[in-house]
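# Structural features, examined
These are the residues of each chain, in order.
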Amino acid sequence: MAISLSFFPIISTLLLVLSKVTEAANGTVVYDFNIGWVTSNPDGAFERTTIGINGEWPLPIIRATVGDQVIVNVKNDLGNQTTTLHFHGLFMNGTTEMDGPAQVSQCGIPPGSSFTYNFTVNQPGTYWYHSHDKGQYPDGLRAPLIITDPDFPYADQMDEEIVLSLSDWYHDQMQVWIPKFINKANPTGAEPVPQAALMNDTQNLTVPVQPGKTYLFRVVNIGAFAGQYLWFEGHNMTIVEVDGVYTDPAEAELIYIAAAQRYSFMVTTKNETSVNYAIVSSMDTSLFDTIPDGLNWNVTGWLVYNDTKDKPEPALVDEFDDFDDFTLTPYDKMALLPEPDQVVSLDVIMDNLGNGKPYAFFGNVTYVSQKVPTLYTVMSTGENASNPTVYGEFSHPFVLEHNQIVEIVVNNLDTGKHPFHLHGHNFQAIARSDEDAGVFDSTNSTQTTYPAIPMRRDTFVLKPAGYIVLRFQADNPGVWLFHCHIEWHVDQGLIATMVEAPLELQKTLTIPQNHFDACAAGGVPYTGNAAGNTVDVLDLSGANVAPKPLPAGFTPRGIVAMTFSALAALLGLATIVWYGLADMGAATMRSEEKRIAAMNHETTDITPVGGSVNSESDEARRR
Ligand code: C2O
C-alpha cells in the first residue's frame with residue numbers, strides 16, 4: 001500500500017474524487033457503491049443526466065494492492081435501469097461469477113436490489129471498471145481500477161504516480177441513442193459521433209509537476225468508441241505496462257490507446273520550470289462516418305511546472321506516427337504458446353437483418369443475450385454443459401477444454417478498426433496484419449514465423465480489412481466474452497462466448513445466494529438451458545434469437561440505404577436523415593482527408609452530414 005498512499009494526495013486533487021473506501025484489516029478493501037443518476041457537465045457545453053456513485057461523478061478510482069480481497073457492495077438506485085459492474089482485465093480466476101456481464105455471469109441488478117462483488121486480485125497494474133449491461137457505461141459508469149504492486153520492477157526509476165483517464169463523451173443517454181442507432185433509418189450502421197473528448201473527465205486538466213522527477217502515468221481509455229492519440233509536448237514516454245502486463249521499457253512519442261486499452265509509461269520532467277507543456281489527446285476521427293460541425297475531437301491538459309506561466313496551446317502535428325504495440329516485449333519473457341488444440345475463427349461482418357436494422361456478426365451470428373445467464377446454464381445442465389447447444393445459438397458459444405491452447409483468428413471483413421477484448425485472460429498477440437491485408441492464411445504461418453516472445457494484453461486492435469491471431473491457455477474455468485470494445489458494436493452483437501472448462505466449473509463453483517436473489521427480484525430465470533428449459537436441456541425452443549435475415553438476393557445495405565434515402569428525400573424527414581445515411585464509400589474515401597483535418601484542427605471540406613447529429617442533440621436538449 002506504500003506507493004498508493006504516498007501518491008494519494010496528488011491523485012485526489014487531480015480527480016476530485018473521494019471514494020467511500022474502507023480499509024479493513026489484512027488486505028481487504030471494501031467499497032460501498034450506491035449507483036444512481038446525477039447531473040454532470042464535463043465539457044462545459046451541456047449538463048446531462050449521468051450515472052454516479054454515492055451521489056458523485058466523476059467516479060472513484062478503485063484501488064487495491066496485489067493479494068487484496070476486494071469487496072464491492074452495489075446498491076442499484078437508478079430506479080429505471082438494471083446495472084452490473086465488470087472489472088476489466090481482472091482474470092477472476094476462481095470467481096467467474098464476479099465478472100459482471102449481464103445475462104452472462106449474472107443477472108442485471110434490478111433497481112432497488114443489492115449485489116456483492118467479492119474477489120481477490122493477483123494481478124498488478126492498470127485496469128478499469130464499467131457497467132456491462134444495456135450498453136450503459138458511456139452514461140458515466142466507468143472509471144480506473146489500479147492494483148498497486150509492492151514488487152513493481154520499475155519502482156526505483158519513478159517518483160510519483162498519476163492516473164489519467166481518456167474518454168469520449170455523449171450528451172444523450174444510451175437508452176436514447178441505441179434505438180436510433182440500431183434502426184432501419186440507419187442502415188449503414190453509422191455510429192453516433194461523440195460530442196467531446198475528456199481527460200480525467202474534464203477538458204481543463206492541469207497536472208502539477210516538479211522539475212527533474214519521473215512520473216508514472218497510468219492511462220486508461222474508458223471511452224465508448226473513439227481510440228485516442230496521446231502525446232506530451234516536449235516529453236517522451238517510456239512504456240512499461242500494457243493492460244496489466246509489464247513490458248521491457250519502450251520509448252514512444254505518441255501512442256494510440258483504443259477503447260478499453262491501458263498503458264503505463266514514465267515521463268521524466270525537465271530540469272527547469274519556465275514553461276508549461278500541453279498534454280494532447282485526439283480522438284481517432286477515422287472511426288467516425290461523419291464529422292459533425294463544430295466537433296472538437298481533441299482535449300488538452302497541461303503539465304504545469306509553474307502556475308504563474310501560460311498554459312500553451314498545443315502545436316499542430318503533421319502526422320500521427322503512433323507506437324506499434326505489437327513490438328512490445330513482456331517483462332516476464334513468457335514464450336510463444338504451443339500449437340493450438342482448438343482454433344476459433346471469426347469473421348467480422350457488419351450487415352443488416354430482415355428488419356432493415358444494422359447488426360454486427362461473427363460469421364453469420366449476431367449475439368443475442370439469452371433468457372438464462374450463460375454461467376447459470378453451465379451450473380444447471382449437468383454433463384450437457386459441454387454441449388454448446390445448451391447455451392443457445394445466438395450466445396455464439398465455444399466450449400473450451402480445461403488447459404487446452406486456444407487460438408482465435410479474427411478476420412476483418414469490415415472497413416473499420418475494432419479493439420477486441422477477451423474476458424478472463426490476457427492473450428498473446430501473435431499476428432496482426434496491416435490494413436487491407438485480407439484474411440489470415442495459416443499455410444504461411446508456423447511456430448517459427450510467430451514472435452518467440454509475443455506481446456500480451458487483453459484488448460488488441462484489428463485493422464480495417466486485416467486480421468489478428470491471438471493465443472491463450474484455457475486455464476481459467478469460467479464463462480468469458482470475446483467482443484469488440486466499441487460499445488456500439490457490443491450493442492449490435494459483435495460478441496462470442498467462451499465457455500471454458502464447464503465441467504470443472506460445476507465441481508468448484510458456488511454461486512452466492514445474493515446473485516440468485518437479484519435474478520428473482522428481476523423476474524429472470526436462473527436455471528436450465530438458454531431458453532430456461534430445465535427438463536430437456538437440449539430443447540432450445542423459446543430461446544432468444546436474432547431477427548430473420550433478409551430474403552436471399554437482396555444486397556441489404558445498398559438496397560435498404562437506397563430505399564430509405566429515397567424515402568427520406570421524398571418525405572424530407574430530418575429525423576431519418578440525421579446521421580443514418582452517410583455514404584459508406586464516401587466515408588472511407590474521406591478518411592485520409594479527415595486525418596489531415598485532424599492535424600489542422602479544422603473540418604474544412606468535410607461533408608457536414610453529421611451536422612444533423614448536433615441538431616438531433618439540440619432537440620434532445622430542448623426536450
Ligand atoms: Cu471492458 Cu466485456 O468488457
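Residues numbered from 1 in each chain as written. Predicted model: local features only at pLDDT ≥ 70, side-chain atom pairs only at ≥ 80, totals over all residues. Heavy atoms only, no water.

### Let's talk about the state of the cysteines
Scanning the model with the defined rule gives 1 disulfide in all. A sulfur-sulfur separation of 2.0 Å characterises the disulfide bridge that pairs Cys107 with Cys519. One quick way to see it: the torsion about the S-S bond of Cys107 and Cys519 is about 95 degrees, and its sign makes the bridge right-handed. Here the residue Cys107 occupies a position in the loop between β6 (86-88) and β7 (114-120), and Cys519 occupies one in helix α6 (residues 513-522), the gap between them amounting to 412 residues. One exposure class covers both Cys107 and Cys519, and it is buried. (Disulfide = S-S within 2.5 Å. Helix = DSSP H or I, 4+ residues; strand = E, 2+ residues; numbered from the N terminus. Buried < 20%, exposed > 50% of the residue type's maximum accessible area, 1.4 Å probe, protein only.)

### Considering the sheet that holds strand β8 (residues 125-130)
The sheet built from 4 strands is open, its strands ordered β4-β9-β8-β6 with mixed pairing. A single partner strand is all that each edge strand has here, and the edge strands are β4 (62-65) and β6. On average, each strand axis in the sheet is inclined to that of its neighbour by 25 degrees, with strand direction left out of account. Note that β6 and β8 share 3 bridges and pair antiparallel. Each bridged residue has a counterpart across the sheet, and for Phe87 the counterpart in β8 is Tyr129. (Pairing = 2+ DSSP bridges. Axes fitted to C-alpha atoms, helices over the stretch in contact; angles between N-to-C directions.)

### What to know about the confidence of the model for the protein
Averaged over the protein, the pLDDT score is 88; the fraction of residues at 70 or greater is 84%. When the criterion is pLDDT under 50, residues 1-20 qualifies, and its contacts beyond four places in sequence or with other chains add up to 38 contacts. Confidence drops under pLDDT 50 across residues 558-623; counting only partners more than four residues distant or on other chains, this segment forms 101 contacts. (pLDDT = per-residue confidence, 0-100. Contact = heavy atoms within 4.5 Å.)

### Concerning the pairing of β8
The side chains of a regular strand alternate between the sheet's two faces. Extensive coverage of β8 is indicated by the burial of 6 of its 6 residues. Bridging between β8 and strand β9 (residues 142-148) involves 6 bridges; their strand directions are antiparallel. Following the sheet pairing, Thr126 is matched in β9 by Ile146.

### Details of the nonpolar core
Residues Phe87, Phe217 and Phe265 are the most contacted members of the largest nonpolar core, which totals 130 residues. Split by domain, the residues of this core number at least three in each of domain 1 (5-327) and domain 2 (342-522). The residues touching Phe217, leaving out its near neighbours within four places in the chain, are Ile162, Leu164, Val207, Phe232, Tyr263, Ser264, Phe265, Val267 and Leu303. Cys107, Val390, Val499 and Leu505 belong to the second-largest nonpolar core, a separate cluster that totals 22 residues. (Core = buried A, V, L, I, M, F, W, Y, C linked by side-chain atoms within 4.5 Å. Domains from an automatic or database assignment.)

### Concerning the packing of aromatic side chains
Under the criterion given, the structure shown has 29 aromatic pairs. Arranged with centres 4.9 Å apart and planes meeting at 70 degrees, the rings of Phe217 and Phe232 form a pair that is edge-to-face. You can see Phe217 sitting in strand β13 (residues 214-221) and its partner Phe232 sitting in strand β14 (residues 228-232), a full 15 residues away along the chain. Accessibility assignment for this pair places Phe217 and Phe232 in one class, buried. By way of ring pairs, the aromatic residues Phe87, Phe115, Tyr117 and Phe119 are connected into one cluster. Directly above the aromatic system of Trp169 lies the positively charged group of Arg48, at a separation of 5.2 Å from the ring centroid. (Phe/Tyr/Trp six-rings, centres within 6.5 Å; stacked < 30°, edge-to-face > 60°. Lys NZ or Arg CZ within 6 Å of the ring centre and 35° of its normal.)

### Digging into the layout of surface pockets
Estimated volume of the second largest pocket: approximately 670 Å³. Considering the residues around the second largest pocket, the lining is formed by 32 residues, among which Asp133, Lys134, Tyr367, Ser369 and Val490 are closest to the centre. Residue assignment for the lining of the second largest pocket shows that the elements contributing at least two residues are α2 (174-181), α4 (487-491) and α6. Among the elements that line the lining of the second largest pocket, the one with the most residues is α4, at 3 residues. Among the residues making up the lining of the second largest pocket, the classes are represented as 17 nonpolar, 11 polar and 4 charged. Two domains each provide a minimum of three residues to the lining of the second largest pocket, namely domain 1 (5-327) and domain 2 (342-522). (1 Å grid on protein atoms, 1.4 Å probe; cavity = no way out; pocket = protein on both sides within 12 Å on 5 of 7 lines; lining within 4 Å. Points joined across faces, edges and corners; volume = space filled by probe spheres on them. Nonpolar A, V, L, I, M, F, W, Y, C, P; charged D, E, K, R; others polar.)

### A word on the pattern of salt bridges
Side-chain pairs of opposite charge can arise where the charged atoms are in close proximity. On inspection of all chains with the given rule, the structure shows 19 salt bridges. Two residues, Glu161 and Arg63, come together in a salt bridge whose shortest N-O distance is 2.9 Å. A residue pair is termed long-range when its members are at least 10 positions apart, and Glu161 in strand β10 (residues 160-169) and Arg63 in strand β4 qualify at 98 residues. Both residues of the pair, Glu161 and Arg63, count as buried. The network of salt bridges with shared partners includes Asp243, Arg262, Asp324, Asp325, Arg432, Arg457 and Asp458. (Salt bridge = Lys/Arg side-chain N within 4 Å of Asp/Glu carboxyl O.)

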